[in-house]
Amino acid sequence: MNKVFNGSYREALLGASSFLSDRGCEEAIAYHYLLGLMDWEPSDWYRYQFQSMSVEDYAAYEAGIQRIAKDHCPYQYLLGEAYFYRYKFKVTPATLIPRQETELLVDRVKDLLAKGELPRQAQVVDIGTGTGAIALTLKKECPDLQITATDLSEEALAVARDNAQALEADIQLAQGDLYQAIQGQTFDLIVSNPPYIGRQEIDEVAEDVQRYEPDLALFAEEEGYAIYYRLIDDLDAYLKAGGSFIAEIGYRQGDRLLAYCQTHLPHNYHYRIEEDFAGHDRFLVVSKEGEREDDGNLSE
């Protein structure tokens, strides 16, 4: 990028896109980083793109683009924010950056509500909440849900707490290892996007992810299956009759998880794998037979 610049925001963006592309980075990052840096919505971009870019704005933009290209730093960490399901979330190196494919988990929960398969005021827990993206988005989209979000990391919970305050979303936050934080409680729905990458797969993980995103939120023992096994093993104690469990999974993990469910869950459970936008296995969905307690909160 030019050290001396006298042009529009659009010209700066085009230069940054080319600069990133030449260094093996995604061109689209230049656009997303510029909008975040300027605190613009896409509509603002159409209004301001041809205006002259100030020296200060360019200097800040250029420094960030250089770091993205040189250090492979995710632009979301530079901005301290990321979007998920149209909501803005604070992110820090203590939290995983929310991914677009995870938004489908929210859609699946909304679909359960629409079909009447989940009580309107269901008790929901998000295990391993990180930024709180899943739990808080569910609360914003479905305000009647009673949501608890847990995480092993106190640092991550602090970020989730900030996001809850910023989004004015009333959820419960609890610290603990998986079910430890909710002992003695039962839920209509349990959701989780746990660590599921095996250490043997580290060479397949993008360099920016390896460098900057927290290992605690990425890697799991037993070739990436350890957390799933623990969640499945104790699921019956925490899931109400008629309830559901939805977990995001790695695209090659479906068959092994179905086999584990078959041998470790009681006979009154059903389980399946659902796909993401690209047709890859993405979610393990488990349902428990039985009549829900009629507490007056069923979907109408």
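These lines cover the structure that appears in this document, whether it is placed above or below. In this numbering scheme, every chain counts its residues from 1 along its sequence in written order. Local features in this predicted model are restricted to residues whose pLDDT is 70 or higher, and side-chain atom pairs enter the listing and the counts only when it is 80 or higher, whereas totals over whole chains, interfaces and linings include all residues. Side-chain metrics rest on all non-hydrogen atoms present in the structure, leaving aside hydrogens and water.

1. Some details on helix H6 (residues 103-114)
And then number 1: Elements are defined by DSSP. Helices are runs of H or I of four residues or more, strands are runs of E of two residues or more, and each kind is numbered from the N terminus. For a helix, the expected span equals 1.5 Å multiplied by the residue count minus one. In this model H6 runs 17 Å from its N-terminal to its C-terminal C-alpha over 12 residues, within 8% of the 16 Å that 1.5 Å per residue would give.
And then number 2: Accessibility here uses a 1.4 Å probe with only protein chains present; expressed as a share of the type maximum, an area under 20% marks a residue as buried, one over 50% as exposed, and anything in between as partly exposed. Turning to H6, its buried residues are Glu103, Leu104, Leu105, Val106, Arg108, Val109, Leu112 and Leu113.
And then number 3: Note on contacts: a residue pair is in contact if any heavy atoms of the two residues lie within 4.5 Å. Of the surrounding elements, those touching the buried residues of H6 are strand S1 (81-84), helix H7 (133-141), strand S6 (187-192), strand S7 (239-248), strand S8 (269-275) and strand S9 (281-288).
And then number 4: Gly116 sits one or two positions beyond H6 and adopts a positive phi of about 75°.

2. Notes on the environment of Glu26
And then number 1: Mapped onto the secondary structure, Glu26 falls in the loop between helix H1 (9-22) and helix H2 (28-38).
And then number 2: Sequence separation between Glu26 and Ala69 is 43 residues; the distance between their C-alpha atoms is 9.7 Å.

3. Quick notes on the packing of aromatic side chains
In this description, an aromatic ring pair is defined by two values, namely the gap between the centres and the angle between the planes.
And then number 1: Two rings belonging to Phe, Tyr or Trp (six-membered ring only in the last case) form a pair when the distance between their centres is within 6.5 Å. Interplanar angles under 30 degrees mark stacking, angles over 60 mark edge-to-face geometry, and anything in between is tilted. Using the criterion set out here, one finds 10 aromatic pairs in the structure.
And then number 2: Where Tyr31 meets Trp45, the ring centres are 6.1 Å apart and the plane angle is 85°; that geometry is what we call edge-to-face. Note that Tyr31 is positioned in helix H2 and Trp45 in helix H3 (residues 42-48), a separation of 14 residues in sequence.
And then number 3: A relative accessible area of 24% places Tyr31 in the partly exposed class.
And then number 4: Here the aromatic rings of Phe84 and Phe89 are separated by 6.3 Å at their centres, their planes lie at 75°, and the arrangement is edge-to-face.
And then number 5: Through successive ring pairs, a cluster of aromatic residues spans Tyr9, Tyr31, Trp40, Trp45 and Tyr48.
And then number 6: Of note, Arg23 hangs over the ring of Phe19, and the distance from its end group to the ring centre comes to 3.7 Å.
And then number 7: The lysine or arginine in question, Arg256, covers the ring of Tyr225, its NZ or CZ lying 4.1 Å from the ring centre. Definition used: whenever NZ (Lys) or CZ (Arg) falls within 6 Å of the ring centre and also within 35 degrees of the ring normal, the charge is taken to sit over that ring.

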